[in-house]
Amino acid sequence: MKPLILAATALLALPAHADTWKALKETAKQQASQKAEEELGLPQASKPGAEVYLIEPADGAEVSSPVRVVFGLKAMGVAPAGVNQTGTGHHHLLIDSPQIDYTQPLPASEQVVHFGGGQTETTIELAPGTHTLQLLLGDWKHQPHNPPVQSEKITITVK
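The shown structure was predicted, so the numbers you read here are calculated from the model rather than taken from an experiment.

### Observations regarding the overall build of the chain
The helix and strand inventory of the chain stands at two helices and nine strands. In sequence order, the secondary structure elements of the chain are arranged as α-α-β-β-β-β-β-β-β-β-β. Long-range contacts, defined as pairs at least 24 residues apart, comprise 67% of the intrachain contacts of the chain with a sequence gap of at least 6. Here the chain displays about 9600 Å² of accessible surface, and carbon together with sulfur accounts for 58% of that area.

Quick look at the structure:
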């Protein structure tokens, strides 16, 4: 009876199911795509219906500094910079409409604030006056997705 149990155990260990082969093929395809993105500097694809938006502050709000900013995201996930996972990205806050090259990784500056740790909210110091805020999702290498996942631009007034 022992040889029969051993044979059954060996058969269960074999990856002979069609679902397993399909999963392996899909994984290999994803890895090849990620390698091409990395070596050629290509942007990662965004998911259909993906949206990034500002939950707080509201467009037209009068606020005091420091300003609490809360990010929202739909149809994609948040992952830290450096984590190459399809369908994810991390937030970048664009302050006062900086020029962006959508074909390159986003540079960090006072106007392009990176949240590479996967943060979904922050508090920022802004001088009194009118400011614009906008979110842009970046892939694992800080590059905007294709097509870009970018919020509407809002205007706030800091007292």
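### Describing the sheet that holds strand 7 (residues 121-124)
Spatially, three strands are ordered 1-3-7 in an open sheet, and the strand pairing comes out antiparallel. Both edges of this open sheet fall to strand 1 (51-56) and strand 7, since each of them pairs with a single strand only. Averaged over neighbouring strand pairs, the angle between their axes works out to 30 degrees when direction is ignored. Taken together, the four bridges between strand 3 (residues 67-74) and strand 7 define a ladder with antiparallel strand orientation. Bridging from a neighbouring strand, Val 67 pairs with Ile 124 of strand 7.

### Section: the confidence of the model for the chain
Overall, the predicted model of the chain reaches an average pLDDT of 88, with 85% of residues at or above 70. This model gives residues 6-11 a pLDDT under 50, and the stretch forms zero contacts once residues within four places in sequence are excluded.

### Description of the side chain of Thr 88
Positionally, Thr 88 belongs in strand 5 (residues 88-95). Residue class for Thr 88 comes out buried when judged on its relative accessible area of 9%. For Thr 88, the side chain forms a polar contact with the main-chain oxygen of Gln 85, separated by 2.7 Å. Contacts of Thr 88, omitting those with residues within four sequence positions, involve Gln 44, Met 76, Gly 77, Val 78, Ala 79, Val 83, Asp 139 and His 145.

### Side note on the nonpolar core
The biggest cluster of nonpolar side chains holds 21 residues, and the ones touching the most others in it are Val 67, Val 69, Leu 93, Ile 124, Leu 133 and Ile 156. At the level of secondary structure, the elements contributing two or more residues to this core comprise strand 1, strand 3, strand 5, strand 8 (129-138) and strand 9 (154-158). With near-sequence residues (within four places) excluded, Ile 124 lies in contact with Ser 65, Pro 66, Val 67, Val 69, Leu 93, Ile 95 and Leu 133.

### What about unusual backbone geometry?
At the junction of Glu 56 and Pro 57, the peptide bond is cis and its omega measures out at 0 degrees in the coordinates. Counting through the fold element by element, Pro 57 comes out in the loop between strand 1 and strand 2 (62-63). With an omega of 5 degrees, the peptide bond between Ser 65 and Pro 66 qualifies as cis. With respect to the helices, strands and loops of the structure, Pro 66 is situated in the loop between strand 2 and strand 3. Positive phi is not limited to glycine here, since Asp 96 has a value of about 60 degrees. Residue position: Asp 96 is located in the loop between strand 5 and strand 6 (112-114). Taking the relative accessible area as the measure of exposure, Asp 96 reaches 32% and is therefore partly exposed. Positive phi outside glycine occurs at His 142, with the angle close to 70 degrees.

Calculation notes
- Residues numbered from 1 in each chain as written.
- Predicted model: local features only at pLDDT ≥ 70, side-chain atom pairs only at ≥ 80, totals over all residues.
- Heavy atoms only, no water.
- Helix = DSSP H or I, 4+ residues; strand = E, 2+ residues; numbered from the N terminus.
- Contact = heavy atoms within 4.5 Å.
- Areas by Shrake-Rupley, 256 points an atom, 1.4 Å probe, with all protein chains shown as cover.
- Pairing = 2+ DSSP bridges.
- Axes fitted to C-alpha atoms, helices over the stretch in contact; angles between N-to-C directions.
- pLDDT = per-residue confidence, 0-100.
- Buried < 20%, exposed > 50% of the residue type's maximum accessible area, 1.4 Å probe, protein only.
- Polar contact = N/O pair within 3.5 Å; in protein donor to acceptor, adjacent residues only side chain to side chain.
- Core = buried A, V, L, I, M, F, W, Y, C linked by side-chain atoms within 4.5 Å.

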